[in-house]
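Observations on the three-dimensional arrangement
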Amino acid sequence: MPAKDAKVPAKTAARGTSELRRADASDALPPDGPEQIRNVALVGRSGSGKTMLAEALLAATGAISRKGSITEGTTVGDSEPAAIHQQRSVALSVMPVVTGGIKVNLLDTPGYPDFVGELRAGLRAADAALFVVSAVDGIDAATIALWGECQRVGVPRAVVISRLDHPRADFDAALERCQTAFGDAVLPLYLPVAKGADVTGLLGLLSGTVSEQTEGDALPVYRNTDDVERVASEAARGALIEGVIAESEDESLMDRYLGGEDIPQEVLVRDLETAVARGSFHPVVATSAETGLGLAELLEVVTRAFPPPTEHARPAVTLLDGTPAPTPDCDPSGPLLGEVVRTTTDPFLGRVCLVRLFSGTLREDTAVHVAGHGLADRGHADHDSDERVSHLYSPLGSSLRPVPYSVAGDICALTKLGPAETGDTVSAKDSPLLIQPWEMPEPLLPVAIEAASHGDEDVLARSLGKVAAGDPALRVERNAETHQLILWCMGEAHAEVVLGRLREQGVNLQTVDVVTPLRETFAAPAAGHGRHVKQSGGHGQYAVCDIEVEPLERGAGFEFVDKTVGGVIPGSFITSVEKGVRAQMQKGVSAGFPVVDIRVTLLGGKAHSVDSSDAAFQAAGALALREAAAAGRIQLLEPVSAATISVSDEHVGAVMSDLSSRRARLTGTTSSGGDLTEISAEVPDQELLRYAIELRALTSGSGRFSRSYLRHEPVPAAAARAAAAAPGA
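A brief report on the enclosed structure follows. Computed from a prediction, not measured in an experiment: that's the story for all the values here. (Residues numbered from 1 in each chain as written. Predicted model: local features only at pLDDT ≥ 70, side-chain atom pairs only at ≥ 80, totals over all residues. Heavy atoms only, no water.)

Most of helix H3 (residues 116-125) is tucked away, with eight of its ten residues classed as buried. Among the residues of H3, Val 116, Gly 117, Glu 118, Leu 119, Ala 121, Gly 122, Arg 124 and Ala 125 are the ones counted as buried. (Buried < 20%, exposed > 50% of the residue type's maximum accessible area, 1.4 Å probe, protein only. Helix = DSSP H or I, 4+ residues; strand = E, 2+ residues; numbered from the N terminus.)

Right, let's talk about the packing of helix H7 (residues 234-246) against helix H9 (residues 265-277) for a bit. It is at 9 Å that the axes of H7 and H9 come closest, and there the two elements cross at 60°. In terms of orientation, H7 and H9 fall into the oblique class. When you trace H7 past H9, the crossing you get is left-handed. Facing H7, whose interface residues are Ile 241, Val 244 and Ile 245, H9 presents Leu 268, Asp 271 and Leu 272. Residues of the contact of H7 with H9, tallied by class, amount to five nonpolar, no polar and one charged. (Axes fitted to C-alpha atoms, helices over the stretch in contact; angles between N-to-C directions. Parallel < 35°, antiparallel > 145°, perpendicular 65-115°, else oblique. Left-handed = near helix turned anticlockwise from the far one by under 90°. Contact = heavy atoms within 4.5 Å. Nonpolar A, V, L, I, M, F, W, Y, C, P; charged D, E, K, R; others polar.)

Glancing now at the packing of aromatic side chains. Inspection of every chain in the model, using the stated rule, returns six aromatic pairs. Ring plane angle 50° and centroid distance 6.3 Å describe the contact between Tyr 112 and Phe 115, whose orientation is recorded as tilted. Taken together, a centroid distance of 5.1 Å and an interplanar angle of 75° make the contact between Tyr 691 and Phe 705 edge-to-face. Here Tyr 691 is found in helix H16 (residues 691-698), whereas its partner Phe 705 is found in strand S38 (residues 704-714), with 14 residues between them in sequence. Cluster of aromatic residues (ring-pair linked, three or more members): Phe 131, Trp 147 and Phe 182. Lying over the aromatic face of Tyr 112, Arg 88 brings its terminal NZ or CZ to 3.9 Å of the ring centre. A cation over a ring is seen here: Arg 157 above Trp 147, with NZ or CZ 4.6 Å from the ring centre. (Phe/Tyr/Trp six-rings, centres within 6.5 Å; stacked < 30°, edge-to-face > 60°. Lys NZ or Arg CZ within 6 Å of the ring centre and 35° of its normal.)

Looking now at helix H13 (residues 571-587). In this model H13 runs 26 Å from its N-terminal to its C-terminal C-alpha over 17 residues, within 8% of the 24 Å that 1.5 Å per residue would give. If you check which residues of H13 are buried, you get Phe 573, Ile 574, Ser 576, Val 577, Gly 580, Val 581, Gln 584 and Met 585. Where H13 is buried, its residues touch strand S32 (541-551), strand S33 (558-562), strand S34 (598-606) and helix H14 (614-631). (Expected span 1.5 Å × (residues − 1).)

Before going further, it helps to examine unusual backbone geometry. Backbone geometry at Arg 163 places phi at a positive 60°, although glycine is not the residue there. By secondary structure assignment, the location of Arg 163 is in the loop between strand S6 (157-162) and helix H5 (171-182).

Right, let's talk about the pattern of salt bridges for a bit. Opposite charge on two side chains permits them to pair, given that their charged atoms come into close proximity. Taken as a whole and judged by the stated rule, the model has 37 salt bridges. The partner of Lys 195 in a salt bridge is Glu 212, with the nearest N and O atoms 4.0 Å apart. Pair noted here: Lys 195 is in strand S8 (residues 190-195) and Glu 212 is in strand S10 (residues 209-212), with a separation of 17 residues, a long-range link. A salt bridge links Arg 707 to Asp 685; the shortest N-O distance between them is 3.3 Å. Here Arg 707, found in strand S38, pairs with Asp 685, found in the loop between strand S37 (676-684) and H16; they are 22 residues apart in sequence, far enough to count as distant. Taken together, the shared-partner salt bridges in this structure form one network comprising Glu 80, Glu 118, Arg 342 and Arg 501. (Salt bridge = Lys/Arg side-chain N within 4 Å of Asp/Glu carboxyl O.)

What follows is about the sheet that holds strand S27 (residues 475-478). With antiparallel pairing, four strands are arranged side by side in an open sheet as S27-S28-S26-S29. Both edges of this open sheet fall to S27 and strand S29 (509-512), since each of them pairs with a single strand only. Sheet twist, expressed as the mean angle between neighbouring strand axes with direction ignored, is 35°. When S27 meets strand S28 (residues 485-489), the two strands line up antiparallel, connected through four bridges. Bridge pairing links Arg 475 to Trp 488 in S28. This element, helix H12 (residues 492-504), spans strand S26 (445-451), S28 and S29 of the sheet and lies at about 130° to S28. (Pairing = 2+ DSSP bridges.)

Let us look at the sheet that holds strand S13 (residues 317-318). Taken in spatial order, the three strands make up an open sheet running S14-S13-S25, and their pairing is antiparallel. Strands at the two margins of the open sheet, each flanked by one partner only, are strand S14 (324-325) and strand S25 (434-435). Pairing of S13 with S14 involves two bridges; the strand directions are antiparallel. Bridging across to S14, Thr 318 finds its partner in Pro 324.

Pasting the structure below:
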């Protein structure tokens, strides 16, 4: 694809700051139709150069006056305190640039695995993806897996080899890694041209021209290739032409090329753009955010080869009752349909929602319906509300620029949208729709928190609701057995960000050890005598009962059998004994955990015509169970989960050895395609508390696992002693 002047000067917008603010509207004129929009996600491993690439594109197109710095915390995309502290992106950021009359919404996504929820949101809002690969580092397994997901759904992709200015940059090695990981349809459009040790230009393989760019130059300078460059690039040019022709819909083109015909450049460019748009060909562009090398060429690929929103599939929709509904076209005059892809809270503006519009046109004072369904298992209750759009903005990182309208295909920001949360659907008030939620990974790292004082509990509850509203990867649980407040996170970095956001809102909290919800049962039959007699003058209390306790099979629950004879205990008090036993079972009889899977048989007892009562026999029943436990043998039961671990073949041995050390029972291994193996095992929940972190360390970040509750099993003696002595037991 021949490089053109992709740089279009634009008025300088106000620079993004660390807080959300209304910014200068001079650079926020919205496009009139979806054909003038490209939504592009920047994806890749942490440290690959995505944020600085976006920063360079913003500066090159005049959206900002100068590039920011990650180390100084001045980039447009990473203004959140957690991002500045961790020196990496922790949230999705939208940064539009305008070039050649096309608005390109750059969606900078975090590359660290903990923030995959933000990555999924960015891909939902995007119509194409730029996979950013550092010329210095390798490609991680998560990026390879993400490429496969995009391939399955036909997302158009291109590859950016970044950081060519680095002393250890190696374009050829990086390209080879990309072709190995992503396939043969990954081919470069340009080759780097070096002067000494520095890369100063790009050689266009189709155009035969060289664009030279040095730091500080506003625009690249173009020249024709010399003889040496032409010969050196001939093999790469031939491979590119053959790759483009192989994807052409003109079946005669390959025969003509092999017959020696010189295929016109415009034909090759046309077929290349078509193949990229349908997701079958993936051009590679080399860039340097430091010098500006390749930025014009990259923008040309994005605007000419990536499809507009009208050509990208839209998510399925239903009516509010779940009935399937036709998916609206990406038409500004169609019914309103949008989705909240990110939610933040600003101390001055309140809740701010980034919305990807799939259909219709949104204007201020528009009446809309906000609906969120399907995330109740993550602590997000289903909700519906009618709201009115009070303010409409175009986002630039954390800055907000007022706009008069936003059309289908664009991304806008709304404030004061009531209870709107990430993943909610925004549609017309008179014809509400519901977009199916995007697939989210299961958070597997539990973090137990509690308010530092009783006075902080209300503040914690309010703030937790705000944080959870913007983070669908976070699952909030109030454990019914341990009564702990558990934040289920994707990993330590995610947990650090969540806790930081809570503390920024003035919450004084502390983390505590997660208590595994154990249970108790009787390991052998035992007898108990409950005598509750109190005489203190006047009406007293009198109840005596004798019980026998027997263990039942796992999962059998509780049985109560009455074998009294002769009316030694009046019938009205039989149920009182059962109530007392049940109440004591909930409290536990040994380590304070609920008692399960037992049969209690009431054998006999005594009653008093005046002093016996329901309360007295409940107390006697509870006392009898405690005495039976003291005389018998109590067995602690721990929850066991069925775990499925997916790892590369090279890590199978290490993972299986580690599982054995966790008291796991291996149940099988299967090949899941490629070089991946799935390991199935039954693992005690106590051993899985930090497994999300430890598996990542064990497999260099490539391991993944899922879990589901299986059953409770007896705890080994050594582990039982430790559990009984643990806090909360």
